[in-house]
Protein chains: 2
Amino acid sequence: MTTTSTQLIDSLTKIVGTDHLLFDAEELLVYECDGYIVEKKCPDVVVFPATTAEVVEVVKSCNQHEVPFVPRGAGTSLAGGCLPVGGGVMIALTRMREIHEVNVRDGYAIVDPGLVNVHLTREVTPDGFHYAPDPSSQGACTIGGNVATNSGGPHTLKYGVTVNHVIGIEVVLPDGTIANWGGAAGMPAGFDLTGLFVGSEGTFGVCTRATVRLTRNPAAYRTMLAIFDDIQTATRAISEIIGAGIIPAALELMDQGIIHAVEAAFKFGFPLDAGAVVLIEVDGLEVSVDDEASQIMALCQQVGVREMRTANSPAERQLLWKCRKQAFGAIGRLSPSFCTQDGVVPRTRLPEILEFIEETSRKFDIRIVNVFHAGDGNIHPILLFDERDKEQMQRVIEAGDDILNKCIELGGSVTGEHGIGVEKINFMPKLFTKDDLQVMQEIREVFNPDGNCSPCKMLPTAGACGMEHIERSHPGRQAAM
Amino acid sequence: MTTTSTQLIDSLTKIVGTDHLLFDAEELLVYECDGYIVEKKCPDVVVFPATTAEVVEVVKSCNQHEVPFVPRGAGTSLAGGCLPVGGGVMIALTRMREIHEVNVRDGYAIVDPGLVNVHLTREVTPDGFHYAPDPSSQGACTIGGNVATNSGGPHTLKYGVTVNHVIGIEVVLPDGTIANWGGAAGMPAGFDLTGLFVGSEGTFGVCTRATVRLTRNPAAYRTMLAIFDDIQTATRAISEIIGAGIIPAALELMDQGIIHAVEAAFKFGFPLDAGAVVLIEVDGLEVSVDDEASQIMALCQQVGVREMRTANSPAERQLLWKCRKQAFGAIGRLSPSFCTQDGVVPRTRLPEILEFIEETSRKFDIRIVNVFHAGDGNIHPILLFDERDKEQMQRVIEAGDDILNKCIELGGSVTGEHGIGVEKINFMPKLFTKDDLQVMQEIREVFNPDGNCSPCKMLPTAGACGMEHIERSHPGRQAAM
C-alpha cells in the first residue's frame, strides 16, 4: 500500500469509524462488479457514510488525496454504472436509508439515497399510496441509484420514469459543497437542475437526499395474461392496444425462453409451447377497468390470441407479477451467466428488432431470451453464456453491440432505463454528434471540473481512465481482471 | 442609424428579403413589449426567417456585427420573456409554422416553433388526439414560446407541463450551429439536453423545430361548476378533492372579481354574489367519469358548496371553458391595464396565500382579482391599474413583489408557468444560492458563451445589460421608455 493510500484510509476512518470502511482485497471482491458482470474492477476502498456531512468529508478527503470516487447504491446496475473504473474510493450509500418525511396531503416524501425502492412503497401503503417507478430490482435497488440512472420499470408506460417523480434533490457536488435543487412545491424556476441531475449517472456528484412524488394507488386493477402462438402475433396485439388509445398500466412481453425459466421457478401454469405471453394490467376506477379489459381482450382476439387469462384474486395477481419481476432471477436456471441488454425502438418497429434479435442469436450461436416493456418499445434481450468461456463472452458482447446498433438504425436508442454506465460508453459517439458530446462534457465540467467524480461514466474522461474504455477492443480481457 | 446598423440591416435583408424585416421606429413599436406591459424596450430590427437555414444565417450575421438577438413567438409572455433588453435583433418565428409530420401510431408530431399551440390540436382532432399543454393563450401562443417557458395550463394538473410533452428539439445554438436533441423514440441517453432546454427562456439558442407527444382524447368528460359563498370554502373543497386521491383534468378557481368580468363578457349565468366558482373537469372512460363526478359533488357538499352545476352539452362545456380561458381578456372591462402574476405554493397553503393577497390589495390600494390552477397551487393574482398613473404602477410592482416573496416564504416559487423573463430576474437570488446561480450561469455559458443570445433573461448577463435590471429601483421609469 502506498503512503497516499494509508493516509487516505486514516482520513476516511476518522470520518466514518473503523466499522464503516473496507480495504482488504478479499472484502473488496464483493464490490468488483455490479449487475453487469462482463467487466470487473475493484475499488481501493469502500466507505459507508451515515450522513450528508460524512459524505462531504469523504469527498473532501478524496479531493485532498487526488483520488477519484464513485457513488454506489445497491449495485444492481446492469450497465456497470457502479464500476470504479478509475479505482479509488467507492462511496456506498446503503447506510443512509431513512425516510425523513411523508406528506400524503401534498403527495411527496423526502428520503435518503440508500433507501430501497420498495421500502418507500411499503411505508406509504397504509395511506393508499405508492412510489411509481418500479424496476424489476425494486426489492434491492435504491432511490439514489434510480435517480442516477433515471430508472423505469413495467409501469413506466403509464406513470413515467424516475425524472417524472423526483421533484427535489440534495447533492454533494464533487468539490464537497452541498446543493439543494427543487423541492416539495415541485415547480422549478430557473434551469431544471433537478431534471438534469436525474440520469447523470453520478457524474455531477453524490445524491444524498431526494424529494419524490407519491402516487395514489388506483382503486382497481385488472391483470390479464395473453398467450400467443408466436411473438409476431404478440407484438401485433400490443400495437393494436396502443393504437386504440388505451394506455395500460403495464404491457410486458415474455418469450418462450423466459416462459420456460419462470415456469420452472414459480409453477404459475404457463403453457410451455406458447411463443410469447403478454402480461397486461389496467388500473383506475372499479367501473373503468372492466371496460378497458374487455376492449383489450377483443383486440387480442382480433389478432388471434390463443388464450386469455385473468388474475382472479390479489394472490394470483401477485404471483403473476412475481413471475415477471423475478424473471431475471429465474434465468439462473438456464445458464450460469447472463447479460441483460437494454435498447429502445419506436413501438411500431418492435417486430423488426425482435426478428433481428433472432437472427443475431443464430449468427453468434448465443441463446437469447426476451422479456420487456413492450408498450414503451423498450427491449431487454437477455444473452445467456458461461462466464468461464472467454471466447463465448466475446461473442455475447458482439451480439449485444449488433442489437444496439440495430436499435439506433431503427430510430431508437441504446438504453431505455439502465443507463450508459461503462458498458455503452462507446456507443455515445454513434448516438450523438461531436458537438453534442462536447456540450455534454462541458456541462459535466460545470459540476465536476476535475473529473474526479465517477470518471469514465457515460462520457470518456480526458486524462483519467478514458483510453482503456474508448479502445475497448477485447473486453473479455478486462472482464478477466 | 450607425454604420453597423446599416451593414447589419443589409446583411439581414440579403437573408430574408426586404419584405421580412422591420426597422422603422413606428413599425417597431408593436414589438416594444409582450404580455408584460410594465417594461418596454424596442428592438433595433425585427427579422422574420422562414427556415432553419435562415435562422442560422441571421444568428451568424448578428454575431459578426456583435449585436445581441432574442427569439420571439407570438409575444404572449406575461413576464417580459420577449423583451429585447439588450436591444439588437428580434428573431420573430411566426413565419415558421408548419406541421412536418403527424404520427398518431407512435404518438408524436414534428412541428415548427412558430406554430400556434391550438393549431396542432386542430390538426390532430380528426384522429382523436390533442396536444396536452393548453395555456390560456393557446389560441395565439406558439409551440416555440411554450418550449422556452415550459408552459402549463389548466390541464397541467393531470397531464403535466411542456417538458413532459416535448421529446426532441432542433436548436440553432448562439454560434449558429444546429443541434438535434432527443427525437421520436423519446427515451434519451446521455444528459437530458432536451429537458434542460425546455424552460431555458431562449438563453441557450433558438428552437427551430420540436417533436412533441400527441395525447389521445379522453372518451368522456364531465365538466362541473361549483359555486361557493366564499373563497376559503372553495379552497377547502379543492383540498378535499385532491386529498381524496382524485386528479381532475382541471380544477380552476375564479374569484368574485373575475366572475363579474366574465359574466359581463360572456353571460354564462354566473351568480354575481358568489365568493368563488371552481371549474372542475374529470375525463376518462364514459363509465368512470360519472363515478368521479359524484365523488367530487359529495366532497363539495360536505364542505358546504352553495350550488353545483354540470355542463349538459358539449356547447355548454365549450362556453364554460371559454369563460375560463378568456378570463384575462374579460378583465379589460375592469381596468385599462393589468398585470397577471404567477406564483406557486404547496396546495395546502392556498388559503394562507389568498388571505395574504387580500391584505396586499388593501395595503397598496390596488384591486386584485384571482383566477388560477388551484390543483397545482399555481396562483394568478391579477393586479388592476392604469398604465398612465406611474405612481399606481409602482404600487402594482411592489404589491406583486410582496405576493411573490410570500410564495417563497410558504415554500413555493415565483413562477409556475410564465417563467422568469425580465420581470422576476431580481427574485433569482432569493430562490437560489450564490453557488446555484453560478452553476446556472456556467451552464448557460456552455451554450451561450458570449451572452449574445437573449441577454439578461432569467439570469443577469455580465457586461451586457445586467445592471439596469439588477438595480431596477424605479421600474415605472423603464415602462415609460
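Quick caveat, the model's predicted, so the values are computed rather than measured.

Conventions and cut-offs
- Residues numbered from 1 in each chain as written.
- Chains lettered and ligands numbered in written order.
- Predicted model: local features only at pLDDT ≥ 70, side-chain atom pairs only at ≥ 80, totals over all residues.
- Heavy atoms only, no water.
- Helix = DSSP H or I, 4+ residues; strand = E, 2+ residues; numbered from the N terminus.
- Buried < 20%, exposed > 50% of the residue type's maximum accessible area, 1.4 Å probe, protein only.
- Contact = heavy atoms within 4.5 Å.
- Lys, Arg positive; Asp, Glu negative; His and termini not counted.
- Charge placed at Lys NZ, Arg CZ, Asp CG, Glu CD.
- Buried area = accessible area lost by both parts, 1.4 Å probe.
- Salt bridge = Lys/Arg side-chain N within 4 Å of Asp/Glu carboxyl O.
- Least-squares fit on C-alpha atoms with pLDDT ≥ 70 in both.
- Patch = residues over 30% accessible without salt bridge, like charges linked within 9 Å, V, L, I, M, F, W, Y side chains within 5 Å.
- Areas by Shrake-Rupley, 256 points an atom, 1.4 Å probe, with all protein chains shown as cover.
- Phe/Tyr/Trp six-rings, centres within 6.5 Å; stacked < 30°, edge-to-face > 60°.
- Pairing = 2+ DSSP bridges.
- Axes fitted to C-alpha atoms, helices over the stretch in contact; angles between N-to-C directions.
- Polar contact = N/O pair within 3.5 Å; in protein donor to acceptor, adjacent residues only side chain to side chain.
- pLDDT = per-residue confidence, 0-100.
- Domains from an automatic or database assignment.
- Disulfide = S-S within 2.5 Å.
- Expected span 1.5 Å × (residues − 1).
- Parallel < 35°, antiparallel > 145°, perpendicular 65-115°, else oblique.
- Left-handed = near helix turned anticlockwise from the far one by under 90°.
- Nonpolar A, V, L, I, M, F, W, Y, C, P; charged D, E, K, R; others polar.

K.L.:
Explain the overall build of chain A to me, please; I cannot follow it from the model alone.
P.N.:
Each helix and strand counted, chain A has 18 helices and 20 strands in total. Taken over 481 residues, chain A has a buried fraction of 63%. Sequence-distant contacts in chain A: of pairs separated by 6 or more residues, those separated by 24 or more amount to 72%. Computing the positive centroid from 39 side-chain charges and the negative centroid from 62, chain A places the two 3 Å apart.

K.L.:
Can you help me understand the interface of chain B and chain A in this one?
P.N.:
Buried accessible area, meaning the area lost when the parts come together, often serves as the stated size of an interface. Taken together, the contact between chain B and chain A spans 57 residues of the former and 56 residues of the latter. Surface buried jointly by chain B and chain A totals about 4,700 Å² across both partners, of which 65% is contributed by carbon and sulfur atoms. Counting the contacts that link chain B with chain A gives two salt bridges. Here Glu240 of chain A and Arg105 of chain B are joined by a salt bridge, their closest N and O atoms 3.6 Å apart.

K.L.:
Help me understand the relation of the copies chain B and chain A in this model?
P.N.:
The two chain copies are related to each other by a rotation about an axis together with a translation along it. Rotating chain B by 180° and moving it 0.0 Å along the rotation axis overlays it on chain A with an RMSD of 0.0 Å. Here the two chains are linked by the operation of a two-fold rotation axis. For chain B, the minimum C-alpha distance to the rotation axis belongs to Ser288 of chain B and amounts to 2.6 Å. Taken as a fraction of all interface residues of chain B, those also at the interface in chain A reach 98%, which identifies the copy contact as same-surface.

K.L.:
Teacher, can you tell me more about a negative patch on the surface here?
P.N.:
A surface patch of negative charge is lined by Glu66, Asp175 and Asp450 of chain A together with Asp435 of chain B. Mapped onto the elements, Asp435 of chain B comes out in helix 16 (residues 434–447). Under the relative-accessibility criterion, Asp435 of chain B is labelled partly exposed at 46%.

K.L.:
Quick question: what am I supposed to make of the packing of aromatic side chains here?
P.N.:
Each pair of aromatic rings is reported with the distance of its centres and the angle of its planes. Counted according to the given criterion, the structure contains 14 aromatic pairs over all chains. Between Phe204 of chain B and Phe447 of chain B the ring centres are 4.4 Å apart and the planes differ by 25°, which places this aromatic pair in the stacked class. Within this pair, whereas Phe204 of chain B is found in the loop between helix 7 (193–197) and strand 10 (206–213), its partner Phe447 of chain B is found in helix 16, the two being separated by 243 residues in sequence. On the basis of relative accessibility, which here comes to 0%, the residue Phe204 of chain B falls in the buried class. Given the relative accessible area of 4%, Phe447 of chain B is considered buried. Connected via pairs of aromatic rings, a cluster forms that spans Trp181, Phe197, Phe204 and Phe447 of chain A together with Phe191 of chain B.

K.L.:
Where do I start with helix 9 (residues 256–266) of chain A in this structure?
P.N.:
Owing to its 3.6 residues per turn, the α-helix aligns residues three or four sequence positions apart on the same side. All names here are of chain A. For helix 9, the complete set of buried residues consists of Gly257, Ile258, Ile259, Ala261, Val262, Glu263 and Phe266. Residues of helix 9 that are buried in the fold lie against strand 13 (250–255), strand 14 (276–284), helix 11 (314–325), helix 12 (327–330), strand 18 (368–373) and strand 20 (381–385). Backbone geometry just downstream of helix 9 places Lys267 in the positive-phi region, at approximately 50°.

K.L.:
Sorry if this is basic, but what is going on with the sheet that holds strand 6 (residues 108–111) of chain B here?
P.N.:
Think of a sheet as strands paired side by side through backbone hydrogen bonds, with each pair either parallel or antiparallel. Residues and elements named next belong to chain B. One open sheet accounts for five strands, arranged 5-6-10-8-9; its pairing is antiparallel. Edge strands, defined here as strands with exactly one partner in the open sheet, are strand 5 (99–103) and strand 9 (178–182). Strand after strand, the sheet turns through a mean of 10° between neighbouring axes, direction not considered. Looking at chain direction, strand 8 (residues 166–172) and strand 9 are connected through five bridges and run antiparallel. Looking across to strand 9, one finds that Val172 is bridged to Ile178.

K.L.:
Sorry, what's going on with the pattern of salt bridges here?
P.N.:
Any two side chains of opposite charge can pair, given that their charged atoms come close. Residue and element names in this part refer to chain A. Within this structure, the stated rule accounts for 34 salt bridges over all chains. With a shortest N-O distance of 2.8 Å, Arg388 and Asp386 are connected by a salt bridge. Here the residues in one salt-bridge network are Arg222, Glu286 and Asp290, joined through shared partners.

K.L.:
Help me out: how do you make sense of the environment of Ile143 of chain B in this one?
P.N.:
Residues and elements named next belong to chain B. Within the secondary structure layout, Ile143 lies in helix 5 (residues 143–149). For the pair formed by Ile143 and Ile403, sequence separation is 260 residues and the distance between their alpha carbons is 29 Å. The residues contacting Ile143, other than those within four sequence positions of it, are Val111, Asp112, Pro113, Leu115, Asn117, Leu120, Tyr131, Ala210 and Val212.

K.L.:
What is the right way to read the side chain of Ser335 of chain B from this model?
P.N.:
Residue and element names in this part refer to chain B. Along the polypeptide, Ser335 turns up in the loop between helix 12 (327–330) and strand 16 (337–340). In this structure Ser335 comes out as buried when scored by relative accessible area, which is 8%. A distance of 2.6 Å separates a polar side-chain atom of Ser335 from the backbone oxygen of Ser337. Engagement of the side chain of Ser335 in a polar contact is seen with the backbone oxygen of Phe385, the distance being 3.0 Å.

K.L.:
Honestly, the confidence of the model for chain A in this entry has me stumped. Any pointers?
P.N.:
Low-pLDDT stretches of the model should not have their predicted coordinates read in fine detail. Per-residue confidence for chain A gives a mean pLDDT of 90; residues scoring 70 or more make up 94%. For residues 466–481 of chain A, every residue scores under 50 in pLDDT, and the model assigns this stretch 33 contacts once sequence neighbours within four places are set aside.

K.L.:
Sorry if this is basic, but what is going on with the sheet that holds strand 2 (residues 45–47) of chain A here?
P.N.:
Residue and element names in this part refer to chain A. As summarised here, the arrangement of the four strands in space is 1-2-4-3, forming an open sheet in which the pairing is mixed. This sheet does not close on itself; its edge strands, each paired only once, are strand 1 (21–22) and strand 3 (69–72). Pairing of strand 2 with strand 4 (residues 89–92) involves three bridges; the strand directions are parallel. Bridging from a neighbouring strand, Val45 pairs with Val89 of strand 4. This element, helix 3 (residues 52–64), spans strand 2, strand 3 and strand 4 of the sheet and lies at about 175° to strand 4.

K.L.:
Can you help me understand unusual backbone geometry in this one?
P.N.:
Working note: non-glycine residues mostly have negative phi, and peptide bonds are mostly trans. Residues and elements named next belong to chain B. Positive phi, close to 50°, is recorded for Ser454, a residue that is not glycine. Position of Ser454 among the secondary structure elements: in the loop between helix 16 and helix 17 (466–470). For Ser454, a relative accessible area of 1% puts it in the buried group. Phi is positive for Cys456, close to 60°, though the residue is something other than glycine. For Cys456, the location among the structural elements is in the loop between helix 16 and helix 17. For Cys456, a relative accessible area of 1% puts it in the buried group.

K.L.:
I keep staring at the domain arrangement of chain A and nothing clicks. Help me out?
P.N.:
All names here are of chain A. Along its sequence, chain A is organised into domain 1 (3–92), domain 2 (99–216), domain 3 (220–324), domain 4 (335–409) and domain 5 (427–479). Between the C-alpha centres of domain 3 and domain 4 there is a distance of 22 Å. In this complex, domain 3 contributes 13 residues to the contact, which on the side of domain 4 involves 15 residues. Linking domain 3 with domain 4 are zero salt bridges.

K.L.:
Would you take a moment to explain the state of the cysteines for this structure?
P.N.:
Formally, a disulfide is one covalent bond, and it connects the sulfur atom of one cysteine to the sulfur atom of another. The final tally for this structure, using the stated rule, is zero disulfides over all chains. With no disulfide of its own, Cys207 of chain A lies 12 Å from the sulfur of Cys453 of chain A, the closest cysteine sulfur. For Cys207 of chain A, a relative accessible area of 7% puts it in the buried group. In this model Cys62 of chain B remains outside any disulfide bridge; the closest cysteine sulfur is found in Cys453 of chain B, 9.5 Å from its own.

K.L.:
It is not clear to me how helix 11 (residues 314–325) of chain B should be interpreted in this structure. Could you clarify?
P.N.:
Residues and elements named next belong to chain B. Taking 1.5 Å per residue as the helical rise, helix 11 with its 12 residues ought to reach 16 Å, and the 16 Å between its terminal C-alpha atoms agrees with that figure. Every buried residue of helix 11 is listed here: Arg317, Leu320, Trp321, Cys323, Arg324 and Lys325. Those residues of helix 11 that are buried are in contact with strand 12 (220–228), strand 13 (250–255), helix 9 (256–266), strand 14 (276–284), helix 12 and strand 18 (368–373).

K.L.:
Help me understand the environment of Ala50 of chain B, please; the structure alone is not making it clear to me.
P.N.:
Residue and element names in this part refer to chain B. By secondary structure assignment, the location of Ala50 is in the loop between strand 2 (45–47) and helix 3 (52–64). Its relative accessible area of 28% is what places Ala50 among the partly exposed residues. What Ala50 contacts, discounting residues up to four positions off in sequence, is Arg95 and Met96.

K.L.:
Quick question: what am I supposed to make of the packing of helix 13 (residues 350–364) of chain A against helix 14 (residues 390–409) of chain A here?
P.N.:
Between two packed helices, what matters for the description is the angle formed by their axes and the separation of those axes. Residues and elements named next belong to chain A. At their nearest, the axes of helix 13 and helix 14 sit 10 Å apart, and the two run at 155° to each other. Between helix 13 and helix 14, the angle is such that the two are roughly antiparallel. Remark: the crossing between helix 13 and helix 14 carries right-handed chirality. Taken together, the residues of helix 14 that come into contact with helix 13 (itself represented by Ile353, Phe356, Ile357, Thr360, Lys363 and Phe364) are Arg395, Glu398, Ala399, Asp402, Ile403, Lys406 and Cys407. Looking at the contact of helix 13 with helix 14 residue by residue, the classes come out as seven nonpolar, one polar and five charged.

K.L.:
Honestly, the packing of helix 8 (residues 231–243) of chain B against helix 13 (residues 350–364) of chain B in this entry has me stumped. Any pointers?
P.N.:
Residues and elements named next belong to chain B. Two elements in contact, helix 8 and helix 13, have axes separated by 9 Å at closest approach and are oriented at 155°. The orientation of helix 8 relative to helix 13 falls into the category roughly antiparallel. Of the two elements, helix 8 crosses helix 13, and the hand of that crossing is right-handed. Here Ile231, Gln232 and Thr235 of helix 8 come into contact with helix 13, specifically with Leu350, Pro351, Leu354 and Glu358. Looking at side-chain class alone, the contact of helix 8 with helix 13 contains four nonpolar, two polar and one charged residues.

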